[in-house]
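# A look at the structure
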Amino acid sequence: MTDLIACFTTDDHHRHLHRLINDAEWDRVFVVTTEEIKSRHVFAKEVIYIFVDPKKHIAGYVEDIRRHLKGFFLEVGINLVNGTGKDHMALLSAVMKAGLGFRLVAVTKNGVEEI
């Protein structure tokens, strides 16, 4: 399929994220999260964690994510079901600043789909 970047900075919608990660064939899975959230969740597939501090100013938050986006080529799938508006803005800004195309993906009644 492609690479996935999922926002996981709150405990909301964790079942959705587990299904999204485990039910589709991703080349790589990146999870934007905090150390605290990571400590409470384990995924069945290999995940590359991008640790962030939501208390940071937005520019620093964006840079923390952008630093991890090297090695992507063309396009990534993004899921924003979890997190806050600040988390979503930082993730989208980092992806755009890295020059990546993206598709929004989610778990639907038909499985994992682009929305």
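Residues numbered from 1 in each chain as written. Predicted model: local features only at pLDDT ≥ 70, side-chain atom pairs only at ≥ 80, totals over all residues. Heavy atoms only, no water.

Here we come to the side chain of His41. Structurally, the position occupied by His41 is in the loop between helix H2 (35-38) and strand S3 (48-51). Under the relative-accessibility criterion, His41 is labelled buried at 11%. In this view, His41 contacts Phe8, Asp11, His14, His18 and Tyr49; residues no more than four positions away in its chain are not counted. (Helix = DSSP H or I, 4+ residues; strand = E, 2+ residues; numbered from the N terminus. Buried < 20%, exposed > 50% of the residue type's maximum accessible area, 1.4 Å probe, protein only. Contact = heavy atoms within 4.5 Å.)

What the rule picks out here adds up to two aromatic pairs. Seen from their ring centres, Phe8 and Phe43 are 6.0 Å apart, and the 65° between their planes marks the pair as edge-to-face. A residue pair is termed long-range when its members are at least 10 positions apart, and Phe8 in strand S1 (residues 3-8) and Phe43 in the loop between H2 and S3 qualify at 35 residues. The burial state of Phe8 is the same as that of Phe43; both residues are buried. Ring geometry for Tyr49 versus Phe51: centroids 5.8 Å apart, planes at 15°, classification stacked. The class of Phe51 is partly exposed, set by a relative accessible area of 32%. (Phe/Tyr/Trp six-rings, centres within 6.5 Å; stacked < 30°, edge-to-face > 60°.)

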